[in-house]
Structure formats: structure tokens, C-alpha cells
Amino acid sequence: MMLTQREREIIALLRRDPLAGPQAIADAVGSTRAAVNVHLSNLGKKGAILGRGYILREENAVVVIGGANVDVKVRSLAPVRQRTSNPGRAGTTAGGVGRNIAENLARLGTPTHLIAAVGRDPAGERLLAQTAAAGVRLDHVHRSAHPTGTYTAVLDADGDLVVAVADMAATEALAPQDLHPARELIAHADMLVLDGNLPAGVLAHAMDVAQPADVPVVMDPVSAPKAALLAPLLTARRPLFALTPNLDELRALLGHPVGDSEAEVTAAAATLHERGVRHVWVRLGARGSVLSTAGGDAMFLTAPSAEVADVTGAGDAMLAAFVHALLAGGEPVDAARYGHAAAALTVASPATVRPDLTARLIEDTLTAPLTKPTAPTARNAPTGPDARSGPTAPIPAPGPGDLTDSSGRPGRPGRRG
């Protein structure tokens, strides 16, 4: 959304005095009442002013559309033994990829609206209460006839994921018409984030609402099976600002094998650029990531070490921090470093969304003195920000402890809730 200098002056005045009338605005900016009325009309068309009374659109507001689930996490007290009972501890928390991204954004200070499907049940009520308490706007959450979704994860004693089962019936039943009440909200957002758990028709509809309004769209493919389903949506007619696959998801998006050398990853990213994706951020787990920009060089980002408490939710924090930094004016590569730092902080916490996550905490992590690198292990897995650039920089080979995928989960088995 581009504003003229006069429109910016009027917006600044209205932020100081939302009740100012056209004549008062004209006097303040040295214009006429008739000219101000034209400017106010244009600001309404551009979405900078919402409704009567000059209600101003929030700056840097993000709309996230995706899954909202109850996460059930079970952690073994010893290395997991298959096909038998394992002593452990269990806990329940708010989860879902889209919901987690929205909460992380809200905790970082970005005004965030969540569109998701939640059941009309006690689990849904608790989920919404916890999400609202974190600062996420929930005016457009769809109340489904299906039960609130669940994501049940079994963690080994070292915090790595062994297996997970997702019941996503409520999210899978979401339909394009369920987004109709939020069309204006989506069209006036500063950025739209889409979770690959959504049905393909919902993803296509959301992209079609955002595209004519020039709203940048960021998509997380979530898993290889989901990536294969959304691949047909990636066309120049529906451009994406950014796509964040891991290697398995990259292969599924293209429908053919992709090796883990930088040449092969950047070649695969180039194919996605031709299909309308501006930034392809390929996550390589403990090795870091590659950020490829259409018309530019690919950048390899290494990952700092982090003591792992629980890998769940690291990828959601990574994407949220990336979006937050972009909206704050950061360059994409700096935003990716910011995302790695948020992931490192999240895996060090037992919570899916770190409750003390703030922009200041991430900035302190980025500016902390670097320690001597250590070989990645299951308890000391790198997840964040140092970078070296250039298309010739090789991607390091996976080490013996390279257990995690882009979200911190080992291999992302099946789909992610």
C-alpha cells in the first residue's frame, strides 16, 4: 500500500487526534476541506482508514491462516523402546502451526490476526483463551462442527521427536466461504502467512484475495505430503513473497529428487522462482539454511549451537521471527538470521512457544559473543544465525548429530499439526 506525502501527513495527524474533522485536518496540513475529503476517501480505498470515525488500520499487521490444535506432548524418561510401555511425563498446551506462528508474532510485538478452525468444545475454548492471552486477535476464528484438532507428539529422553499423530479434521473441513467475513482484513494486511495444513482450495482462495491487493504472502509447506498437494498452486499468476520448505518438502514441491549440495538446492530454488516465488528459504536442519532470491545470489546461513530442551515449535518461531523482522524493515537475509536466533531460543525452552520470547531477547542472542563451534549432537544442535554468502559456498555435510529438520523436528514424519 503506497501513500502520498499528504496522505502520510493526514495519517500522522489522525494518530494524534482520531476525532479530528475534515476542516481541522485541512487547517493543520495547510489544505482545503474539499481536498482533505478526497484524501480521506482515497485512504479508505487503500485500507489505511477503516470505517467511520477514521479508525486507523494497525501498522505492520499480519494475518495468519492455519491450524490451531491442542498439543499433547509425551516425553520418555529414558531412550524410547519400541513396542512397549515407556515411563515418562505428559503435558498439554496450545499448538498448531498457524496458531504457533501467530502467538510468536504477537509476543514479538507484531499486531496479528489468526484465522483458524476450532471446535465448539471445551478444548477449543481453552485454546482460544490461551491464544488471546498472548495478544493474538481472534475475531475471525471459524467455529467448526468438528472437534478441536490435536497434535500428539512422543519425545525421546533428549527432547527429539520419535513420532507424532495429528487429528486435523477441523482444519481439513475449512472451506473458502469460511474466509469471506475476513476478506477485507486479508486485503488490508501488511503480510499474509499461510500454513500448508490448509486445504488447497482455502490456500488458493486466500492467495487470490491477497494478490490484487498487493499483500505479500509467505507460505510454510509444513510436510512433504502437504507440499505435494500445494505444488499446483505455485504459478506466476499467484506469486508468493516467500516459501519455506525443508529438503524433503522442496523435493515434493518439484516432484523429483533434489540433492543436498548448494548447486542442486539453488537450481531447485530457481525453478520455484520461475513459478512466481520471490524468496525460497530452504531449511537444512542442524546445518542451517539457504536463502535464494529471484534475480540474486543464494545465501548460506549456518546455525548457532543451542542446548535442546524440546524441539517442538522451533520452525514456527523461525518463520514468525522472519516475518517480524521483514515488517520492521530488515533485508530478507537479516530476517532469516533473526529467524534462526528465534529457533535457537525456542529449542532451549520446554514450551512450544517460548513465553518470554521478545524482540529484545532475539537481538541480544544475535549480538552475543560467538563461542567456539562444537560438533552438533542431539543435546547441542545448532539452529541459528551466522552466515556466509555466495553461490559457491558448499553446504556442510550432515554430521552424526544432524537429527532435526527445519522446524527442529527429526525428519518431520507425516504432517505437522
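About the criteria used
Residues numbered from 1 in each chain as written. Predicted model: local features only at pLDDT ≥ 70, side-chain atom pairs only at ≥ 80, totals over all residues. Heavy atoms only, no water. pLDDT = per-residue confidence, 0-100. Contact = heavy atoms within 4.5 Å. Salt bridge = Lys/Arg side-chain N within 4 Å of Asp/Glu carboxyl O. Helix = DSSP H or I, 4+ residues; strand = E, 2+ residues; numbered from the N terminus. Buried < 20%, exposed > 50% of the residue type's maximum accessible area, 1.4 Å probe, protein only. Core = buried A, V, L, I, M, F, W, Y, C linked by side-chain atoms within 4.5 Å. Polar contact = N/O pair within 3.5 Å; in protein donor to acceptor, adjacent residues only side chain to side chain. Expected span 1.5 Å × (residues − 1). Arc of directions from axis to C-beta. Pairing = 2+ DSSP bridges. Axes fitted to C-alpha atoms, helices over the stretch in contact; angles between N-to-C directions. Left-handed = near helix turned anticlockwise from the far one by under 90°. Nonpolar A, V, L, I, M, F, W, Y, C, P; charged D, E, K, R; others polar. Phe/Tyr/Trp six-rings, centres within 6.5 Å; stacked < 30°, edge-to-face > 60°. Lys NZ or Arg CZ within 6 Å of the ring centre and 35° of its normal. Parallel < 35°, antiparallel > 145°, perpendicular 65-115°, else oblique.

Okay, the confidence of the model for the protein next. Low pLDDT marks regions whose predicted coordinates should not be analysed in detail. The predicted model of the protein has a mean per-residue pLDDT of 85, with 85% of residues at 70 or higher. Note on residues 370–415: pLDDT is under 50 here. Beyond four places in sequence and across chains, it has 140 contacts.

Inspection of the entire model under this criterion finds eleven salt bridges. Of the charged contacts in the structure, one is a salt bridge between glutamate 103 and arginine 99, with a shortest N-O distance of 2.7 Å. In this pair, glutamate 103 and arginine 99 both sit in helix H4 (residues 97–107), four residues apart, roughly one turn of the helix. In terms of burial, glutamate 103 and arginine 99 fall into one category: buried. The partner of arginine 251 in a salt bridge is aspartate 248, with the nearest N and O atoms 2.9 Å apart.

In this section: the nonpolar core. With 55 residues, the main nonpolar core has Val323 and Ile362 as its most contacted residues. Listed in part, the 47 residues of the second largest apolar core include Leu194, Ala206, Val217 and Leu253.

Its place among the elements puts threonine 352 in the loop between helix H13 (332–347) and helix H14 (359–367). Among the residues examined, threonine 352 registers a relative accessible area of 2% and is labelled buried. Among the polar contacts listed, one links the side chain of threonine 352 to the side chain of lysine 73, at a separation of 3.0 Å. In this structure, threonine 352 is in contact with Asp71, Lys73, Thr93, Asn100, Thr312, Gly313 and Thr346, ignoring residues within four places of it in sequence.

End to end, helix H5 (residues 122–133) covers 17 Å across twelve residues, agreeing with the expected 16 Å (1.5 Å per residue, within 8%). Turning to H5, its buried residues number three or more, namely Gly124, Leu127, Leu128 and Thr131. Mapping the buried residues of H5 onto a view down its axis gives an arc of 95°, with all of them on the same face. Structural note: H5 exposes Pro122 and Ala133 on the side pointing more than 90 degrees away from its buried face. Of the surrounding elements, those touching the buried residues of H5 are strand E4 (69–76), strand E5 (88–95), H4, strand E6 (112–115), strand E7 (117–119) and strand E8 (142–144).

Looking now at unusual backbone geometry. Even without glycine at this site, arginine 83 takes up a positive phi of about 60°. Relative to the helices and strands, arginine 83 is located in the loop between E4 and E5.

A word on the pairing of strand E10 (residues 161–167). Inspection of the sheet shows strand E9 (residues 149–155) paired to E10 by six bridges, in the antiparallel sense. The residue bridging tyrosine 151 from the neighbouring strand is alanine 166, located in E10. Remark: five residues form the turn of the hairpin made by E9 and E10, two consecutive strands paired antiparallel; glycine 159 in that turn has positive phi of roughly 95°.

Our focus in this paragraph is the packing of helix H12 (residues 314–327) against H13. In helix packing, the relevant descriptors are the interaxial angle and the interaxial distance, both defined with respect to the helix axes. With their axes 7 Å apart at the nearest point, H12 and H13 run at an angle of 145° to one another. As H12 runs across H13, the sense of the crossing is right-handed. Packed against H12, whose contacting residues are Ala314, Ala317, Met318, Ala321, Phe322, His324, Ala325 and Leu326, the element H13 presents Pro332, Ala335, Ala336, Tyr338, Gly339, His340, Ala342, Ala343, Thr346 and Val347 at the interface. Classifying every residue of the contact of H12 with H13 gives 14 nonpolar, four polar and no charged.

The first and last C-alpha atoms of H12 sit 20 Å apart over 14 residues, in line with the 20 Å expected at 1.5 Å per residue. Positive phi appears at glycine 329, one or two residues downstream of H12, with a value of about 100°.

What describes a pair of aromatic rings is the distance from one ring centre to the other and the angle between the planes of the rings. Inspection of the entire model under this criterion finds one aromatic pair. With a centroid separation of 4.7 Å and an interplanar angle of 35°, the aromatic rings of tryptophan 281 and phenylalanine 322 are classed as tilted. Remark: phenylalanine 322 occurs in helix H12 and tryptophan 281 occurs in strand E14 (residues 277–283); sequence separation between them is 41 residues. Here tryptophan 281 matches phenylalanine 322 in class, with each residue buried. One cation-aromatic arrangement involves arginine 283 over tryptophan 281; the distance from NZ or CZ to the ring centre is 5.0 Å.

Another aspect to go through is the sheet that holds E5. Taken in spatial order, the four strands line up as E5-E4-E9-E10 in an open sheet, and their pairing is mixed. Two strands bound the open sheet, and with one partner strand each, they are E5 and E10. Recorded for the sheet is a direction-independent mean angle of 15° between the axes of neighbouring strands. The pairing of E4 with E9 spans seven bridges and is classified as parallel. Considered in E9, the bridge of asparagine 69 is made with glycine 149. Docked against the sheet, H5 engages E4 and E5, running at close to 70° with respect to E5.

Locating alanine 344 in the fold gives a position in helix H13. Distance in space between the C-alpha atoms of alanine 344 and proline 304 is 7.3 Å, their sequence separation being 40 residues.

Orientation of H4 relative to H12, taken along the N-to-C sense of each, is 45°, at an axis distance of 8 Å. Taken together, the axes of H4 and H12 lie oblique to each other. Remark: the crossing between H4 and H12 carries right-handed chirality. Seen from H4, the contacting residues are Val97, Asn100, Ile101, Asn104 and Leu105; seen from H12, they are Asp316, Ala317, Leu319, Ala320, Val323 and His324. Taken together, the residues that form the contact of H4 with H12 break down as seven nonpolar, three polar and one charged.

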